[in-house]
Amino acid sequence: MSDTLIYATEVFINGLMAGVLYALVALGFVLIYKASGIFNYAQGVMALFAALTLVGIMDGQVPFSHLINAIFGTDIHHFGWHLPAVLAIILTMGVMILLAWAVNHFIMRHLVNQEPIILFMATIGLAYFMEGFGDLMWGADIKKLDVGLPMGLNTWIDDTTYNAFGYGFFIDNLDIVATIVAALLVAVLVAFSQYTKQGRAMRAVADDHQAALSVGVSLNFIWVMVWSVAGFVALVAGIMWGAKSGVQFSLSLIALKALPVLMLGGFTSIPGAIVGGLIIGVGEKLFEFFVGPMLGGATENWFAYVLALIFLVFRPQGLFGEKIIERV
Amino acid sequence: MNAVNPEGYTTADGRKIGPVMMEMKNITLRFGGVKAITDISFDIREGEIRAIIGPNGAGKSSMLNVISGFYVPQEGEVWFRGEKRAPMKPYQVAQQGIARTFQNIALFEGMSVLDNVMTGRLNYMKSGLFSQAIWKGKAEQEEVANREVVERVIDFLEIQAIRKTPVARLPYGLKKRVELARALAAEPKLLLLDEPMAGMNVEEKEDMSRFILDVNDEFGTTIALIEHDMGVVMDLSDRVVVMDYGKKIGDGTPDEVRNNQDVIDAYLGVAHD
């Protein structure tokens, strides 16, 4: 193999891994959009909030400690415990379910039958509220998230490829874990929506509200469930991204990376979110590798959006999205 | 008259009709200042095929929506199986055993026929998420039992050939039949049909009439149906309520209703002088 081809292969694999992480965020969007027709701008902030909460619970941080200290003149910061990761993840999931309930109870429930743009605006409001709320609850400093996932160079791949090509591939263990987790997550989500009562009810609500009501499905229950599932996906994405780049405000911006993924894969398709993520991941890494040097680099910042734009022109419904047929 | 006997009556073709199952008492429904239904009372008896007819805009669909919980009337009471019903959400009404179809078809377009009919069984699926996940014991038995009911309904309505077809691809007449199948899969105590024959050709209408009669005959399902077309209903139903401009103008057997002067006026029009 020529050197370029070997490097390109490494870039390709790394692109796939990055794509998986994009897909994880995009999945959360697809779930809510499918079930309620809402484009949830707050999905990225939900990932940030989940990661913040997880770190906070693990380290035994006192929530709202700044506020409490300011009001009562106390000086409390920590409960003084350190919880195991599994327990903290379960507790965080509880918080995300509570959040799902609150979102439905205080916002979405009152906006039934409103225009999509109004629902979208509501989620923008929610995003900024949660961003501030997360800061207030857990503090604005950058935190390190360590749930014990393997990180750093995978030496086995490094050795194997070195022996085969004379060049060791650098693949991060965390990316490999993320890929496995994403695969499991998709399998669980598909099984849930296809084979369980709740999944069937969820698909029913996504398809037709009236008909769902007529077969005895409570819309409120399903919406809370959908937001909880989206919260779960946000938690998974938050863990992976948080472990990779620390828990900080910029985590919420990964939502913007999910946009081109959704345009490619279609807003309504779970496999679309995966394939879209992979295409964007691989595309931007390979583009940077081959074309980047000619354009002065930093193509990763815009490549995904331009690709999505081109896609929009030729296939507005995305790769797997439902066909838009206008009957006249 | 049949209303006198609380135990029910026997129809001309020898079917036993039971006591009152559902009673609407002085229902009034307003949308803002517009009265859709004004002070209407009637009852539906067990085992009966009860029709609500009337010209366009008479308030028939509104009445059906009141029964199925989609609208909450401002005045009046709804009694079901001897109990006064508190204001309910449509899904709660469905859980009580009242299934319905819609005038302009509300199916899950993205799902197959089988999946659509299967949603009719949602209220019969009780096992928890965990046991469903491992697919053991109760969950499996439940799924098998529900599938049996669904297959029986599919056989009954002669839609075996399209079981796996996505609903979006079906012609109108078949969609209506799938919607009926979904409602039947819930094994309802009371089945509400909103214009089951609207937009159908003669042959499809005959099929649908036959199915409605067979459902009533074979499962003993009580049926309340709305129709616009008087002719079809007269052959089907045991008793008929006639509505016009939100008011009840007639109630009785098809023959009684057919000879009611108010009904004739409403349908044929009357000279205003």
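Conventions and cut-offs
- Residues numbered from 1 in each chain as written.
- Chains lettered and ligands numbered in written order.
- Predicted model: local features only at pLDDT ≥ 70, side-chain atom pairs only at ≥ 80, totals over all residues.
- Helix = DSSP H or I, 4+ residues; strand = E, 2+ residues; numbered from the N terminus.
- Buried ≥ 20, exposed ≤ 12 C-beta atoms within 10 Å, placed from the backbone.
- Contact = placed C-beta atoms within 7 Å.
- Rg over C-alpha atoms; globule rule 2.2 N^0.38 Å.
- Domains from an automatic or database assignment.
- Nonpolar A, V, L, I, M, F, W, Y, C, P; charged D, E, K, R; others polar.
- Pairing = 2+ DSSP bridges.
- Axes fitted to C-alpha atoms, helices over the stretch in contact; angles between N-to-C directions.
- Parallel < 35°, antiparallel > 145°, perpendicular 65-115°, else oblique.
- Left-handed = near helix turned anticlockwise from the far one by under 90°.
- Core = buried A, V, L, I, M, F, W, Y, C linked by C-beta atoms within 7 Å.
- Expected span 1.5 Å × (residues − 1).
- Arc of directions from axis to C-beta.
- pLDDT = per-residue confidence, 0-100.

A.B. asks: Describe the overall build of chain B, with residues and values.
C.D. replies: Helix and strand counts for chain B stand at ten helices and twelve strands. Oriented by its inertia axes, the alpha-carbon framework of chain B measures out at about 70 × 45 × 40 Å. By the burial criterion, 42% of the 273 residues in chain B qualify as buried. At a minimum sequence separation of 6, the contacts of chain B that also span at least 24 residues come to 66%.

A.B. asks: Lay out the overall build of chain A with the relevant residues and their values.
C.D. replies: Scanning chain A for helices and strands turns up 14 helices and zero strands. Counting helices and strands in the order they occur from the N terminus, chain A gives α-α-α-α-α-α-α-α-α-α-α-α-α-α. Taken over C-alpha atoms, the radius of gyration comes to 21 Å for chain A, in line with the 20 Å a tight globule of 328 residues would show. Over its C-alpha atoms, taken along the principal directions, chain A stretches across nearly 65 × 60 × 40 Å.

A.B. asks: So what about the domain arrangement of chain B? Which residues, and what values?
C.D. replies: Interface size is often expressed as the accessible area that is lost when the parts come together. All names here are of chain B. In terms of domains, chain B is made up of domain 1 (1–88 + 188–273) and domain 2 (98–187). Tallying the contact residues gives 18 residues for domain 1 and 15 residues for domain 2. Contributions of two or more residues to the side of domain 1 that touches domain 2 are made by β9 (190–194) and α7 (202–219). The element best represented in the side of domain 1 that touches domain 2 is β9, accounting for five residues. Residue composition of the side of domain 1 that touches domain 2, grouped by class: eleven nonpolar, three polar and four charged.

A.B. asks: I'd like to hear about unusual backbone geometry, residue by residue, with values.
C.D. replies: With the exception of glycine, most residues fall at negative phi, and the peptide bonds are largely trans. Residue and element names in this part refer to chain B. Here Ile 105, not a glycine, exhibits a phi torsion of approximately 45°, which is positive. Position of Ile 105 relative to the elements: it lies in the loop between β8 (98–100) and α3 (113–119). Backbone geometry places Glu 158, a non-glycine residue, at a positive phi of 55°. Along the chain, the position of Glu 158 falls in the loop between α5 (138–156) and α6 (172–185).

A.B. asks: Which residues make up the sheet that holds β8 of chain B, and what are the values?
C.D. replies: Residues and elements named next belong to chain B. Taking strand neighbours across the sheet as the criterion, the six strands line up as β8-β9-β10-β5-β11-β12 in an open arrangement whose pairing is mixed. The open sheet terminates on both sides in strands that have one partner only, identified here as β8 and β12 (247–252). The sheet shows a mean angle of 15° between the axes of neighbouring strands, taken without regard to direction. Inspection of the sheet shows strand β5 (residues 49–53) paired to strand β10 (residues 222–227) by five bridges, in the parallel sense. The partner of Ile 53 across the bridge, within β10, is Glu 227.

A.B. asks: Please set out the packing of helix α2 (residues 43–59) of chain A against helix α4 (residues 85–106) of chain A residue by residue, giving values where relevant.
C.D. replies: Residue and element names in this part refer to chain A. Running from amino to carboxyl end, α2 crosses α4 at an angle of 135°, the nearest separation of the two axes being 9 Å. Comparing the axis directions of α2 and α4 gives the class oblique. Of the two elements, α2 crosses α4, and the hand of that crossing is right-handed. Contacts between α2 and α4 involve Ala 50, Thr 53, Leu 54, Ile 57 and Met 58 on the former and, on the latter, Ala 85, Ala 88, Ile 89, Leu 91, Thr 92, Val 95 and Met 96. Looking at the contact of α2 with α4, its residues break down into ten nonpolar, two polar and no charged.

A.B. asks: Just give me the short version of the interface of chain B and chain A, but keep the residues and values in it.
C.D. replies: Each side of the interface is counted separately: chain B has 23 residues, and chain A has 18 residues. Those elements that place two or more of their residues in the side of chain B that touches chain A are α2 (90–95), α3 and α4 (129–134) of chain B. In terms of residue count, the dominant contributor to the side of chain B that touches chain A is α2 of chain B (four residues). When the residues that make up the side of chain B that touches chain A are grouped by side-chain class, the tally is 13 nonpolar, seven polar and three charged.

A.B. asks: I'd love a proper account of the sheet that holds strand β4 (residues 34–45) of chain B, names of residues and values included.
C.D. replies: If you walk across this open sheet you meet the four strands as β4-β3-β6-β7 (chain B), and the pairing is antiparallel. In this open sheet, the two strands that pair with only one neighbour each are β4 and β7 (83–84) of chain B.

A.B. asks: With reference to specific residues and values, describe the pairing of β4 of chain B.
C.D. replies: Residues and elements named next belong to chain B. In this structure, strand β3 (residues 20–31) lies alongside β4, joined through eight bridges in antiparallel fashion. Note on β4: the bridge partner recorded for Phe 31 is Val 34. As consecutive antiparallel partners, β3 and β4 are separated by two residues, and within that stretch Gly 32 has a phi angle of approximately 60°, a positive value.

A.B. asks: Go over the packing of helix α12 (residues 270–290) of chain A against helix α14 (residues 303–314) of chain A with me, naming the residues and quoting the values.
C.D. replies: Residue and element names in this part refer to chain A. At their nearest, the axes of α12 and α14 sit 9 Å apart, and the two run at 120° to each other. Considering the angle they form, α12 stands oblique to α14. At the point where α12 passes α14, the crossing takes the right-handed sense. Residue-level inspection shows Ile 280, Gly 283, Glu 284 and Phe 287 of α12 in contact with α14, the latter providing Phe 303, Ala 304 and Leu 307.

A.B. asks: Which residues make up the nonpolar core, and what values do they have?
C.D. replies: Nonpolar side chains tend toward joint burial in soluble globular proteins. Counting residues in each nonpolar core, the largest one holds 166 residues, and the members touching the most others are Ala 23, Leu 24, Ala 26, Ala 47, Ala 51, Val 217 and Val 226 of chain A. For this core, the element with the highest residue contribution is helix α10 (residues 219–245) of chain A, accounting for 19 residues. Each of domain 1 (1–88 + 188–273) and domain 2 (98–187) of chain B gives at least three residues to this core.

A.B. asks: Break down α4 of chain A for me, citing the residues and quoting the values.
C.D. replies: All names here are of chain A. The terminal C-alpha atoms of α4, which comprises 22 residues, lie 31 Å apart, in line with the 32 Å expected from a rise of 1.5 Å per residue. When α4 is considered as a whole, its buried residues turn out to be Ala 88, Thr 92, Met 96, Leu 99, Ala 100, Val 103 and Asn 104. In an axial view of α4, the angular spread of the buried residues amounts to 150°, which keeps them on one side of the axis. Relative to its buried face, α4 has exposed residues pointing more than 90 degrees away, namely Leu 87, Ile 90, Gly 94, Leu 98 and Phe 106. Buried-residue contacts for α4 involve α2, α5 (116–138) and α10.

A.B. asks: So what's going on with the confidence of the model for chain B? Residues and values would help.
C.D. replies: On average, residues of chain B score 88 in pLDDT, and 92% of them are at 70 or above. Two numbers describe this predicted complex: its pTM, 0.81, and its ipTM, 0.84.

A.B. asks: Could you give me a rundown of α2 of chain A, with the residues and numbers involved?
C.D. replies: With 17 residues, α2 of chain A extends 24 Å between its outermost C-alpha atoms, agreeing within 8% with the 24 Å of an ideal straight helix rising 1.5 Å per residue. Buried residues dominate α2 of chain A, accounting for 16 of its 17 residues.

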